[in-house]
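Chain by chain, the residues run as shown.
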Amino acid sequence: MGPNDDEKRNTLERTGPWRPAWAVTGGGREAGHRPSVVLGMSGSIAAFKAVEVVRLLVKAGVRVVPVMTESAKEFIGPSTLAGLCSEPVVTEMFDPTCPGERHVSLTAGAEVLALVPSTAELIAALAQGRANDLLRATALCARCPVVMAPAMHPRMWEHPATQRNVATVLSDNRIEMIGPVRGEVATGEVGVGRMAEPEEIAAKLLSYCVPQDLVGLRIVVTAGPTAEDLDPARYLSNRSSGKMGFAVAERAAARGATVILIAGPVSLPTPQRVKRVDVRSATNMQKALWEVMGADLGHADALVMTAAVADYRPEERFEYKMKRAKVGKTTTLGLVANPDLLAEVGAVRTGVRPVLVGFALETLVDDELVAAARDKLRAKGVDLVVANHAADAFDRDDNRATLVTLSGADPLPRMPKTELADHVLDAIVASCAG
Ligand code: CTP
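Residues numbered from 1 in each chain as written. Predicted model: local features only at pLDDT ≥ 70, side-chain atom pairs only at ≥ 80, totals over all residues. Heavy atoms only, no water.

Participant: Would you mind showing me how to read the side chain of Arg 349 here?
Facilitator: Take Arg 349: it is sitting in the loop between helix H14 (341-348) and strand S16 (355-362). At 3.1 Å, the side chain of Arg 349 and the backbone oxygen of Gly 381 are in polar contact. Setting aside chain neighbours within four positions, we find Arg 349 in contact with Leu 297, Pro 354, Val 355, Leu 356, Gly 381, Val 382 and Asp 383. (Helix = DSSP H or I, 4+ residues; strand = E, 2+ residues; numbered from the N terminus. Polar contact = N/O pair within 3.5 Å; in protein donor to acceptor, adjacent residues only side chain to side chain. Contact = heavy atoms within 4.5 Å.)

And the structure:
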């Protein structure tokens, strides 16, 4: 820890305006609040990596307001950035059509100002408090947190002048730096100067946008279908896409939880900061679940069981492909019941942890849907069942569900699966607090 770190933390705590907006308002998601990041680009070849940072932020539901210096435009076309952000790129300090002072108003209400990439010149300007273009003036004026991702040739980074500027900027306790890292730079040389990876930068920026209310919790999520093999070419499965479980894992990780995602056979990308365990059959999932949670369930604070576990598997798994000529015109397939994974966990749990959440996909509606979900809740010994109708959930990015507990039912409107995931996680937070 450097000599200034303690002082820096104190300053950050003391200085109200530097806290992210959600922290000031108490932590929970405010209805309709869309977090925003002002992303300032200066002229470096690493600007192409900044485009990926923008994409990740937009995907996470963040509004990104792009600001470019004149030299940044030499590397990335403003229309690329404007298209990705669905926002016009701002460059000019003075605009007769824009009321007020841009460098003051740009970051008002923003969760964070991101300087990605930051050139040696931008660091020098901020070290001296120069404000001779819109981005520099905005950074000088910002009251929100400022995160800088430097990118430059290693000889520029090593130069004593740059190192002096970096030390000055950091000692002011107003700017957080991420990277640069050691690696190959555009000229092919290797050294410290390469911009940090977009995923790492986006995760840092998102931590300012999303309440970190799940820090310290270990959440296990299951997702997707299971596949029950019949022979080397054929299997029994279902239509589950895995999207709901992946959304829960993504949101839980974004809110600071340690997340283990046990996924059936789906081809979805692993969300950031999520540990993924791939499985195929129900019995594979059962084994993974107990390994991850521990025999006494002590390794998990919550289990969210979105997986559509196949209830039956073929009685026999043939080693060779079944031949039509041998099977004949009709045949009967023998099936045996798979274990009920959630009910097994529910039966072992003795206290209130882990919080157990099941999903119930039904073809019933309204009161009958709630009643069926509550029956499952009792039978499996869980705290919450997310009940939905098959037509509302399959293969979609949104869902309409009712959160059913022993004593209540909360019907939610149709919403993106990531938003439904947040509702489920809110219920877990409330359960952990209670
Ligand atoms: N579940 C499970 N193991 C199974 C079947 C289901 O852990 N073998 C879990 C699911 O992950 C889900 C919940 O139990 O969280 C309800 O799943 P669902 O298929 O709706 O319920 P079933 O108990 O299989 O009842 P049914 O198919 O008769 O509606």
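Participant: What exactly am I supposed to notice about the domain arrangement of the chain here?
Facilitator: Quite often, the size of an interface is put as the accessible area lost when its parts meet. Here the chain is partitioned into domain 1 (5-21 + 32-207) and domain 2 (218-433). Relative placement of domain 1 and domain 2: their C-alpha centres are 40 Å apart. With 4 residues of domain 1 in contact, the opposing surface of domain 2 contributes 4 residues. For the pair domain 1 and domain 2, the summed buried surface comes to about 320 Å²; carbon and sulfur atoms form 45% of the total. Where domain 1 packs against domain 2, one counts 0 salt bridges. Scanning the region where domain 1 abuts domain 2 turns up 0 residue pairs in polar contact (both at pLDDT 80 or more). Classifying every residue of the side of domain 1 that touches domain 2 by side-chain character gives 2 nonpolar, no polar and 2 charged. (Domains from an automatic or database assignment. Buried area = accessible area lost by both parts, 1.4 Å probe. Salt bridge = Lys/Arg side-chain N within 4 Å of Asp/Glu carboxyl O. Nonpolar A, V, L, I, M, F, W, Y, C, P; charged D, E, K, R; others polar.)

Participant: How should I be thinking about the site of the ligand in this particular structure?
Facilitator: In the vicinity of the ligand, 14 residues are found, and the nearest of them are Met 305, Ala 307, Leu 342, Lys 376 and Lys 380. At 3.0 Å, a side-chain N or O of Asp 311 approaches an oxygen atom of the ligand. Separating an oxygen atom of the ligand from a side-chain N or O atom of Lys 380 is a distance of 2.6 Å. Protein contact buries 76% of the 560 Å² of open area that the ligand shows by itself. Elements with a minimum of two residues in the shell around the ligand: H14, S16 and helix H15 (366-380). At 4 residues, the largest contribution of residues to the shell around the ligand is made by S16. Classifying every residue of the shell around the ligand by side-chain character gives 9 nonpolar, 1 polar and 4 charged. (Near = heavy atom within 4 Å. Areas by Shrake-Rupley, 256 points an atom, 1.4 Å probe, with all protein chains shown as cover.)

Participant: Just to check I follow, could you spell out the sheet that holds strand S2 (residues 63-68) for this structure?
Facilitator: Backbone hydrogen bonds hold the strands of a sheet together, and the pairing may be parallel or antiparallel. As summarised here, the arrangement of the 5 strands in space is S2-S1-S3-S4-S5, forming an open sheet in which the pairing is parallel. Where the open sheet ends on each side, the last strands, each with one partner, are S2 and strand S5 (175-177). Neighbour to neighbour, the strand axes of the sheet diverge by 25° on average, direction disregarded. Bridge count for strand S4 (residues 146-150) against S5 is 3 bridges, and the pairing is parallel. Bridged to Val 146 within S5 is Ile 175. Sheet strands in contact with helix H3 (residues 47-59) are strand S1 (36-41), S2 and strand S3 (112-118), and its direction is about 175° off that of S1. (Pairing = 2+ DSSP bridges. Axes fitted to C-alpha atoms, helices over the stretch in contact; angles between N-to-C directions.)

Participant: Looking at this model, I keep getting lost on the pattern of salt bridges. Mind explaining?
Facilitator: It is possible for side chains of opposite charge to pair when their charged atoms get near one another. Evaluated as defined, the whole model comprises 27 salt bridges. The salt bridge partner of Arg 130 is Glu 121, with a shortest N-O separation of 2.7 Å. As a salt-bridge pair, Glu 291 and Lys 287 come within 3.3 Å of each other at their nearest N and O atoms. Residue Glu 291 and its partner Lys 287 are located together in helix H12 (residues 282-293), separated by 4 residues, close to a single helical turn. With respect to class, Glu 291 is no different from Lys 287; both count as exposed. Within this structure, Asp 213, Arg 251, Arg 255, Asp 422 and Asp 426 form a network of salt bridges that share partners. (Buried < 20%, exposed > 50% of the residue type's maximum accessible area, 1.4 Å probe, protein only.)

Participant: Is there a simple way to explain the sheet that holds strand S13 (residues 302-305) in this structure?
Facilitator: Taken in spatial order, the 8 strands line up as S12-S11-S8-S13-S16-S17-S19-S20 in an open sheet, and their pairing is mixed. This sheet does not close on itself; its edge strands, each paired only once, are strand S12 (274-278) and strand S20 (409-411). Each neighbouring strand pair of the sheet contributes to a mean axis angle of 15°, computed without reference to strand direction. As judged from the 6 bridges shared by strand S8 (residues 218-223) and strand S11 (residues 258-263), these two strands associate in the parallel manner. Its bridge partner being in S11, Thr 222 is matched across the sheet by Ile 262.

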